[in-house]
Amino acid sequence: MAEPDPEPMASGAGQRLGAPETLGISTLDPGHRPPAMPPGRHVTIRVRMLDDTEELFDISQKASGKVLFDLVCSHMNLIEGDYFGLEFQNHQKMMVWLDHIKPIIKQLRRPKHTILRFAVKFFPPDHAQLLEELTRYLFALQIKQDVSVGRLTCNDSSAALMVSHIIQSEIGDFEESQCRSHLLNNNYIPDQMPLIDKIMEFHSKNIGQTPAESDYQLLEVARRLEMYGIRLHPAKDREGTRLSLAVAHTGVLVFQGHTKINAFNWSKVRKLSFKRKRFLIKLRPDLNSSYQDTLEFLMGSRDCCKVFWKICVEYHAFFRLFEEPKPKPKPVLFTRGSSFRFSGRTQKQVMDYVKESEFKKIPFERKHSRVQHNSRLSPLPSPRHHEVPTEIGAPGIDSPPRRHWKESVLVSAEDPSCSRITRASPSHHRNGHDDRKGSVSRTEDRRGSTRQTHPEHLSTGVGSNSPHLSASSGHSHGMVNGQKSLELCSHSPDGRQPSPLTSPLLNDACSVRTDDEDEVRRKRFPTDRAYFIAKELLTTERTYLKDLEVVTVSFQNAVGQDEATPDSLKDTVFSSFEPLHKFHTGFLREVEQRLALWEGRSNAHIKGDYQRIGDVMLKNFQGLKPLTANLHKQSEVLLELEKACRSSRRLEGLCRDFELQKVCYVPLNIFILRPLHRLIHYKQILERLCKHYPATHVDFRDCRAALADVSEVVEQLQGSLIKMENFQKLLELKKDLIGVDNLAVPSREFIRLGCLSKLSGKGLQQRMFFLFSDVILYTSRGMTPTNQFKVHGQLPLHGMTIRESEDEWGVPHAFTLVGEQQSVVVAASSLTEMEKWMEDIKVAIETAKTSNGPSPNLLTSNLTDNKDPSPVSGNKAPLVGPPSGQGPVPLSVICWYRVQSLSFSESCRSLENQLSGNLLRKFKNSNGWQKLWVVFTNFSLFFYKSHQDDYPLASLPLLGYSVTVPSESENIHKDYVFKLHFKSHVYYFRSESEYTFERWMEVIRSATIPSSVTRVLNNKESHPH
């Protein structure tokens, strides 16, 4: 019995990039020749592809599993092959994955009678991480299989929606009779008949969707299902309860039936092992957890345990490690435990490789699709070539042939240094260079295709009526979709056709790229500034849609269903937000599809048709104009909500409890104003695009027209927005203060809040001052658990004067407020703070002179300074962050602890400068970078694991922080890194491009560097939109 070593949670650096030589083709070493095939007897291996075709591969028995797997991937021109694997049924009737390190002869007892299945092995959480269209197509085929056999379970609506995307990619746009006939002849899900009408309804909404877009939408639906990518392994717990274990990118999962009942994240797992039939999960110590230190599950046999343990090791390494783990040194005397390790690239290496490499785009054929559409195979380098064979194809679709890797030798069926696809006689593989032509000819004969007279073009496609199709190629399309259509059992070249995923072969593999081809080469991802501006639109639109769902879904469920909520409020919220949510859902889908095309996930970018965003924005903004009335209703929602809360204590309590939920990461009223702020974001993005484009650019006219449309709407709503922002701020401050009445009145304007030291008989005491257009309130923070401030007094501005008094009292940065009834001496923390306060107060005093008279008394009772406990000293101010589930920390509390002040204009600017996207974060004393989805709004950074998360994991209020670029001494040798620091707290953040770096610096500086220009009622209209 061999008990395995601990699962490698913290592995050393991988050796893949400069590693010991491995068998097969290393996809990370594009300039190297594949190693020679090991000597020995050759066997023919049968592999069933995801499209149900079968391929034969001739390979040495002594070759490792990786040689065969690499040959399968190169046969399909698959770049991101690391997500896939080859599985087969072993002699114990168990489905296992082909080990890349072990020789094939040690894994397959009867290779001639074993069928290996090419299948998805690692399911990423987000299909956007799949960068190749071919990869997404193969994933879509896997989802189609899983749904068909009942492995991917879901409700009827999700099943019907997925089938609608599948048939959209296969038969194209909806036509009722054709769709119904197709569904009657093809079963995609168990018990399909009752759902045909629902499938057709969904299919009718997919008009215009290309096969590639259908794959994308199918994966979007599938990845949200609980059983996505799940392969169940039967087990029992200690009590004998029947369970199932599974592994995912997050960790080990426990299912009862098809319901997930537990999950053990990789970060919580210390060790995975097995002993006989027992599978053991050793957890890291956690005082808050009720679990035992080691969890034990009983599986069917020791082999069942080992199979599951192996896939757990591979999943952990693939998704959690940066590089392939190093092989363990062989022990001198004896071994203990399993020597198994993950072999291959990690997900990070795969994504980095594809992003950084330059490839040529090559078409591939979708077996079941009748849609005439350019499908792009994984992009590969383009060599100069001569005569090439054609694939099954349709006329008029031009594409270059393919090579596997830069300056590498083509993997040919008869190349002696490589494994072979098929073998007509034992002598074929012995002839090296001379046999290459024969290889091409035989391949051509197998495909039944005619030789092209023009070497620059390949005819590809799926049309069965193509004049380029011979009788044999046309035969492959003569059966009903979903049925095997090729004769696969014969070794004869004439008796078998390859999978439609097979790319064209190239007979001159070692030629160099031409100058013309250099001109059409492009990097995997665009580097144009316009692309990153458009990507900012995408990332912020994702965040905005989540914010809308806080109101339309979370708020409606938590508050809208309660009987205390008046019908008028329900109707106002529903009528205002539901149409906006529906509109922006469609808009986001279009932006995602356009960015996918722009990034090169389709060959449309070759013509440049999709390297723009203005046309999408223009079309949608014209559709947004009818919703202007809904945008005007945002003020009604705010007023209706405040009115309802005043009249119902229960509703007020429900709203207060809702703001304590994690999903409500900023005050509720800010979510209500989000649609108005979003218009300003659109305007800013379009202004940047128009500034970037020359007037002759194809996208300039659309961007300028869209800018005119959105500017018109912003101008209409600007006055309402300023009033609503002020009203929202008054309502927010009302919750922060104890002992004040009637704060939110129409005539009152908020100007500034912040910390000042008030001089009294006890000396200087920290006080929180709130400046309004008619009164100043001064407060202190008592020992209350609600983060509220206790009001001590008010100073009406009517008749007030102000003067500097530093020399008079001997206190730095002091000034005196002289009122009609009392005078107060206060001191600011710095000269800048004093100047801002004095300027704002002077302007407010001038404004108060034109008012109708003294403001009414705001205090509920007579409160005096000496009854309040001493405030916290400024030099001991702790960092502030919202505790989990406790609601957002008010900005006034952050200003109190960090001894800062905040003006109304700065607050508006922070809400209007919202930004979101992926950043890499690093702490001061840590080594690695952590990828996070980051949202900036309301003077804070909010951190998520991904943009799909409903609530943030943590937040970082930025008031008081400084943002700079790291110095040389900090040894941050990366591009586009900025540094945030406050006292001893230091964070580094890394962005993906120069543009995103500039944008993050810009918006963070707006929160960390207060503006010296302040605005009150008579000049608030000047703050930038």
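Residues numbered from 1 in each chain as written. Predicted model: local features only at pLDDT ≥ 70, side-chain atom pairs only at ≥ 80, totals over all residues. Heavy atoms only, no water.

A. Just unusual backbone geometry, in detail. The phi angle at N77 is positive, at roughly 60 degrees, despite the residue not being glycine. Within the secondary structure, N77 sits in the loop between α1 (65–76) and β3 (84–89). Of note, R276 is a non-glycine position whose phi angle comes to about 55 degrees, a positive value. For R276, the position within the fold is in the loop between β10 (269–275) and β11 (278–283). (Helix = DSSP H or I, 4+ residues; strand = E, 2+ residues; numbered from the N terminus.)

B. Geometry of the packing of aromatic side chains. The final tally for this structure, using the stated rule, is 35 aromatic pairs. Pairing Y315 with F319 gives two aromatic rings, centres 5.5 Å apart and planes at 35 degrees, and the pair type is tilted. You can see Y315 and its partner F319 sitting in helix α7 (residues 302–320), 4 residues apart, about one turn around the helix. The residues Y315 and F319 share a single accessibility class, namely buried. What links up through ring pairs into an aromatic cluster is the set F69, Y83, F84, F118, F122, F123, F139, Y228, Y315, F318 and F319. (Phe/Tyr/Trp six-rings, centres within 6.5 Å; stacked < 30°, edge-to-face > 60°. Buried < 20%, exposed > 50% of the residue type's maximum accessible area, 1.4 Å probe, protein only.)

C. Looking closely at the sheet that holds strand β24 (residues 915–923). Taken in spatial order, the 7 strands of this open sheet run β27-β26-β25-β24-β30-β29-β28, and their pairing is antiparallel. This sheet does not close on itself; its edge strands, each paired only once, are β27 (954–957) and β28 (962–964). Averaged over all pairs of adjacent strands, the angle between strand axes in this sheet comes to 35 degrees, irrespective of strand direction. Across 6 bridges, the pairing between strand β29 (residues 977–982) and strand β30 (residues 985–990) is antiparallel. Paired with F978 across the bridge in β30 is F989. In the packing of helix α12 (residues 529–560) onto the sheet, contacts are made with β24 and β25 (930–937), and the angle to β24 comes to roughly 95 degrees. (Pairing = 2+ DSSP bridges. Axes fitted to C-alpha atoms, helices over the stretch in contact; angles between N-to-C directions. Contact = heavy atoms within 4.5 Å.)

D. Up close: helix α4 (residues 176–185). For α4, the set of buried residues is C179, H182 and L183. Viewed along the axis of α4, the buried residues span an arc of 95 degrees, placing them on a single side of the element. Along α4, the residues that are exposed and aim more than 90 degrees away from the buried face are S177 and N185. Next to the buried residues of α4 lie α3 (156–171) and α5 (196–203). (Arc of directions from axis to C-beta.)

E. Quick look at the sheet that holds strand β8 (residues 251–256). Read from one edge of the open sheet, 7 strands run β9-β8-β7-β6-β12-β11-β10, paired in antiparallel fashion. Strands at the two margins of the open sheet, each flanked by one partner only, are β9 (259–265) and β10. Adjacent strand axes in the sheet meet at a mean angle of 35 degrees, parallel and antiparallel pairs treated alike. Bridging between β11 and strand β12 (residues 294–299) involves 5 bridges; their strand directions are antiparallel. Residue pairing in the sheet places K282 in a bridge with T294 of β12. Sheet contacts for α7: β6 (233–236), β7 (242–247), β8, β10, β11 and β12; angle to β10, the most-contacted strand, approximately 155 degrees.

F. Geometry of the pairing of β25. The element β25 is extensively covered by neighbouring structure, given that 6 of its 8 residues are classed as buried. Hairpin remark: β24 followed by β25, antiparallel, with 6 residues in the connecting loop. The antiparallel pairing of β25 with strand β26 (residues 940–944) creates a hairpin that spans 2 residues between the two strands, and N938 there sits at a positive phi of about 50 degrees.

G. Inspection of the packing of helix α16 (residues 634–647) against helix α18 (residues 668–692) at higher detail. As a packed pair, α16 and α18 sit with axes 9 Å apart at the nearest point and diverge in direction by 165 degrees. It follows that α16 is roughly antiparallel to α18 by the angle criterion. Read as a crossing pair, α16 and α18 show a hand that is right-handed. Across the interface between the two elements, Q634, V637, L638 and L641 of α16 pack against L668, N669, I672, L673, P675 and L676 of α18. Its residues assigned to classes, the contact of α16 with α18 shows 8 nonpolar, 2 polar and no charged. (Parallel < 35°, antiparallel > 145°, perpendicular 65-115°, else oblique. Left-handed = near helix turned anticlockwise from the far one by under 90°. Nonpolar A, V, L, I, M, F, W, Y, C, P; charged D, E, K, R; others polar.)

H. Representation of the nonpolar core within the structure. L68, F84, F118, F279 and I281 are the most contacted members of the largest nonpolar core, which has 99 residues in total. The element contributing the most residues to this core is α7, with 10 residues. Discounting chain neighbours no more than four positions away, the residues touching F84 are L50, F69, L78, F118, A119, V120, K121, T135, L138 and F139. Residues I533, A534, L588 and L595 belong to the second largest nonpolar core, which totals 77 residues. (Core = buried A, V, L, I, M, F, W, Y, C linked by side-chain atoms within 4.5 Å.)

Remember, this is a structural readout, not a statement about activity or role.
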